[in-house]
Protein chains: 2
Amino acid sequence: MTEAIRAAVFEELAAVGYARMSIEGIARRAGVGKTAVYRRWRSKLHLVLDLVSALAVQGLPTPDTGSLEGDLRLLYEVTSRALRHPVASQVIPDLQAEAARNPEMAAALQKALREGQHGVASGIVAQAVARGELRQGLAEGDEELALDLMSGPLYWRAVVVRGELPKGYLGALATATTAALKAL
Amino acid sequence: MTEAIRAAVFEELAAVGYARMSIEGIARRAGVGKTAVYRRWRSKLHLVLDLVSALAVQGLPTPDTGSLEGDLRLLYEVTSRALRHPVASQVIPDLQAEAARNPEMAAALQKALREGQHGVASGIVAQAVARGELRQGLAEGDEELALDLMSGPLYWRAVVVRGELPKGYLGALATATTAALKAL
């Protein structure tokens, strides 16, 4: 039953968005009564926070191809597939919009980001430092910048511009980002 | 009167978000009757589309400091100030969330992006090519990638991570992005 409710939340989020989503709509989509939902979660906020936390824990394995550029290339392939999924491309901007005015949602997304995307990106940087491809002892600010350089451009393309990826895009992105990281 | 309504739309968007915003709420905040709003705009969608188009036309002047790194640095200072404004940081994710399920909103945002941010970024690239800092004749896909490299990381930091900018961040970002663009 819980799995049916979780699936219904994702479908409902993608269809109508967080602000318009209701416990009634989720229950109807899951084929259960409203009380079955309220028995587990106090509100739609708590339901969605619970889902986001569960996703973050799953995480992604850190790529380990033997080079920084290869690791970035693999990261971008996995991430671009995930971002192309219609549920992701509708649900992520929606939860972010909610986070801009809801501190609990903002904290849950920060945590998911730290444990998910940023965990993998940090792992890739650590491997590159161990291989001697990046210099040791990036300043603290530079470490954060490194994560932004690794995550920002593909996110901008997939979620903000919402455009198709031109041919050869992911390879060129990995090359350019490698050069950016080496300049830190 | 129209200016009062425009200001009220921004305030209402920031306060409750697009999905929960109503013409009633806007009229109340602007201190006018509902009919005054409906006389000009058919719906809240049309009102917001009109505002987004007006913003895009304002545009930004292209920085021209004499070097690619200097131009990027200036672009980032202007952009980071704009993104830190509470209205921008709440309204942008909100309109994007709506764009994910509303093709008219998506088209208006695309157009605003092309005429605003991407216009400036393209101007910076063209100047760098003219100066000989970037090679002439980037492949078509590379031109799009260049815009993503220039816009993505700061957006990721300001709107997704929603973190403070560490000390020295914008200068280091300009240096790293210059290296990324030269690798194209």
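These figures come from a predicted structure and were not determined experimentally.

1. Considering the domain arrangement of chain A
All names here are of chain A. Domain assignment breaks chain A into domain 1 (2–44) and domain 2 (59–182). Averaged C-alpha coordinates put domain 1 and domain 2 at centres separated by 30 Å. Contacts between domain 1 and domain 2 engage seven residues on the former and seven residues on the latter. When domain 1 packs against domain 2, close to 570 Å² is buried across both sides, 69% of that on carbon and sulfur atoms. Where domain 1 meets domain 2, there are zero salt bridges. Counting across the interface, domain 1 meets domain 2 through one residue pair in polar contact (both at pLDDT 80 or more). Here the side of domain 1 that touches domain 2 is built from residues that sort into six nonpolar, one polar and no charged.

2. Regarding the packing of aromatic side chains
This structure, assessed with the given rule, holds two aromatic pairs over all chains. Measuring from ring centre to ring centre gives 5.3 Å for A:Trp156 and B:Tyr155, while their planes differ by 75°; the resulting arrangement is edge-to-face. Residue A:Trp156 is located in helix 9 (residues 140–161), and its partner B:Tyr155 is located in helix 9 (residues 140–161); the two belong to separate chains. For the pair shown, A:Trp156 and B:Tyr155 are each scored as buried. Lying across the ring of A:Tyr18, A:Lys44 places its NZ or CZ 4.5 Å from the centre.

3. Things to note about the packing of helix 5 (residues 68–84) of chain A against helix 8 (residues 117–131) of chain A
All names here are of chain A. For the pair helix 5 and helix 8, interaxial distance at closest approach is 10 Å and the crossing angle is 165°. Judged by the inter-axis angle, helix 5 sits roughly antiparallel to helix 8. Read as a crossing pair, helix 5 and helix 8 show a hand that is right-handed. Packed against helix 5, whose contacting residues are Leu68, Asp71, Leu72, Leu75 and Thr79, the element helix 8 presents Gln117, Val120, Ile124, Gln127, Ala128 and Arg131 at the interface.

4. Quick notes on the interface of chain B and chain A
Often, the extent of an interface is quoted as the loss of accessible area upon association of its parts. With 48 residues of chain B at the interface, the matching set in chain A holds 48 residues. Taken together, both faces of the contact between chain B and chain A bury some 3,900 Å²; the carbon and sulfur share is 62%. Taken together, the links from chain B to chain A amount to eight salt bridges. As a salt-bridge pair, A:Asp94 and B:Arg101 come within 3.3 Å of each other at their nearest N and O atoms. For the pair chain B and chain A, the interface holds 18 residue pairs in polar contact (both at pLDDT 80 or more). If you list the elements that add at least two residues to the side of chain B that touches chain A, you get helix 1 (2–16), helix 6 (86–99), helix 7 (103–115), helix 8 (117–131), helix 9 and helix 10 (169–182) of chain B. When residues in the side of chain B that touches chain A are grouped by element, the largest group, 15 residues, is from helix 9 of chain B. Partitioned by chemical class, the residues of the side of chain B that touches chain A number 27 nonpolar, twelve polar and nine charged.

The rules behind each value
Residues numbered from 1 in each chain as written. Chains lettered and ligands numbered in written order. Predicted model: local features only at pLDDT ≥ 70, side-chain atom pairs only at ≥ 80, totals over all residues. Heavy atoms only, no water. Domains from an automatic or database assignment. Contact = heavy atoms within 4.5 Å. Buried area = accessible area lost by both parts, 1.4 Å probe. Salt bridge = Lys/Arg side-chain N within 4 Å of Asp/Glu carboxyl O. Polar contact = N/O pair within 3.5 Å; in protein donor to acceptor, adjacent residues only side chain to side chain. Nonpolar A, V, L, I, M, F, W, Y, C, P; charged D, E, K, R; others polar. Phe/Tyr/Trp six-rings, centres within 6.5 Å; stacked < 30°, edge-to-face > 60°. Helix = DSSP H or I, 4+ residues; strand = E, 2+ residues; numbered from the N terminus. Buried < 20%, exposed > 50% of the residue type's maximum accessible area, 1.4 Å probe, protein only. Lys NZ or Arg CZ within 6 Å of the ring centre and 35° of its normal. Axes fitted to C-alpha atoms, helices over the stretch in contact; angles between N-to-C directions. Parallel < 35°, antiparallel > 145°, perpendicular 65-115°, else oblique. Left-handed = near helix turned anticlockwise from the far one by under 90°.

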